[in-house]
Amino acid sequence: MDINAEQLKELFYQAMATEKAGVLVYEAALKASVHPDLKNELEKYADQTRNHVTIMNKLFETFGLDPNKKTPGFEIVETKGQALVQAIEKALAWGDPKTAQIVAAECVVDIETKDHMNWELLAEASRRLMGEKGKALKDAVDEVEEQEDQHLYHLKGWTRELWIESLGMEAVLPPPEERKNVDTAIAAERAKMSRNRMLQRGGRRRGARKEKEEA
Ligand SMILES: [Fe+2]
Ligand SMILES: [Fe+2]
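Residues numbered from 1 in each chain as written. Chains lettered and ligands numbered in written order. Predicted model: local features only at pLDDT ≥ 70, side-chain atom pairs only at ≥ 80, totals over all residues. Heavy atoms only, no water.

Caption draft 1: Representation of the pattern of salt bridges. Scanning the entire structure with this criterion turns up ten salt bridges. Glu-6 is paired through a salt bridge with Lys-9; the nearest N and O atoms lie 3.3 Å apart. Of the two residues, Glu-6 and Lys-9 both sit in helix α1 (residues 5-32), three residues apart, roughly one turn of that helix. Given the relative accessible area of 55%, Glu-6 is considered exposed. Of the charged contacts in the structure, one is a salt bridge between Asp-47 and Arg-50, with a shortest N-O distance of 2.7 Å. Linking Asp-47 with Arg-50, this pair stays in helix α2 (residues 36-62), spanning three residues, or about one helical turn. Judged by its relative accessible area of 49%, Asp-47 is partly exposed. Several salt bridges converge on common partners, so that one network encompasses Arg-160, Glu-161, Glu-177 and Arg-195. (Salt bridge = Lys/Arg side-chain N within 4 Å of Asp/Glu carboxyl O. Helix = DSSP H or I, 4+ residues; strand = E, 2+ residues; numbered from the N terminus. Buried < 20%, exposed > 50% of the residue type's maximum accessible area, 1.4 Å probe, protein only.)

Caption draft 2: View of the coordination of the iron ion (ligand 2). The protein atoms donating to the iron ion (ligand 2) are Glu-112 (OE), Glu-112 (OE), Asp-115 (OD), Glu-148 (OE) and His-151 (ND1), with metal-donor distances spanning 2.0 to 2.6 Å. When the donor residues of the iron ion (ligand 2) are listed from N- to C-terminus, their spacing reads E-x2-D-x32-E-x2-H. In this structure, the iron ion (ligand 2) lies 3.2 Å away from the iron ion (ligand 1), the two metals sharing Asp-115 as a donor. Here Glu-112 and its partner Asp-115 are both found in helix α4 (residues 97-126), three residues apart, which amounts to about one turn of the helix. One exposure class covers both Glu-112 and Asp-115, and it is buried. (Donors = N, O, S within 2.8 Å, 3.2 Å for Na, K, Ca; no water.)

Caption draft 3: Broad picture of α2. Compared with an ideal rise of 1.5 Å per residue, which puts 27 residues at 39 Å, α2 spans 39 Å between its outermost C-alpha atoms and is within 8% of the ideal. At the exit of α2 stands Gly-64, carrying a positive phi of roughly 65°. (Expected span 1.5 Å × (residues − 1).)

Caption draft 4: Spotlight on a positive patch on the surface. Taken together, the side chains of Arg-179, Lys-180, Arg-197, Arg-201, Arg-204, Arg-205 and Arg-209 present a region of like positive charge at the surface. Per-element accounting of the positive patch gives the leading share, five residues, to helix α8 (residues 195-214). (Patch = residues over 30% accessible without salt bridge, like charges linked within 9 Å, V, L, I, M, F, W, Y side chains within 5 Å. Areas by Shrake-Rupley, 256 points an atom, 1.4 Å probe, with all protein chains shown as cover. Lys, Arg positive; Asp, Glu negative; His and termini not counted. Charge placed at Lys NZ, Arg CZ, Asp CG, Glu CD.)

Below, the structure written as structure tokens:
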């Protein structure tokens, strides 16, 4: 079956809109992040996302698309991105830094969920395309796909652990997904399951330290 060229174009426009909105969401999230390791992670991913916009621009050139055109799909993604930026700004205005940080983490996960799916679909499409276009898309996927895995899985880990900490329970920060440098869905599930072992090990170490101090 031939690939639907019109719908592939639509995917390109939505992917461009997602990367552009992603840069703005990261910039807002950076203002709301308190934890230094989270800040570092967000800075790194913001830079990678800026590079993804450059990569999309090159793809638009190869595929003969207009990078300034806004399709309805582009505008919908853009509007969702603006809503996420507004949500972070609203949380910052509340004045509770820890709450704002959680809102920011949730918002980056929202945009990264779309970003991750776009690149999964672009990877699928790249396997069907031949010639110059196929090669350009495959090269882009090779450069970007693993980064998108890390963006989504690591930031999901951050969001969960920040919530756990806010609930007064023991959190694993940075999250296991980041410590284990997870880049697949299976590894993300495994990392999540390993958090209890990490907490137990941490608890045993703290216990041994306490005994030593008391002796
Ligand atoms: Fe991206
Ligand atoms: Fe991303």
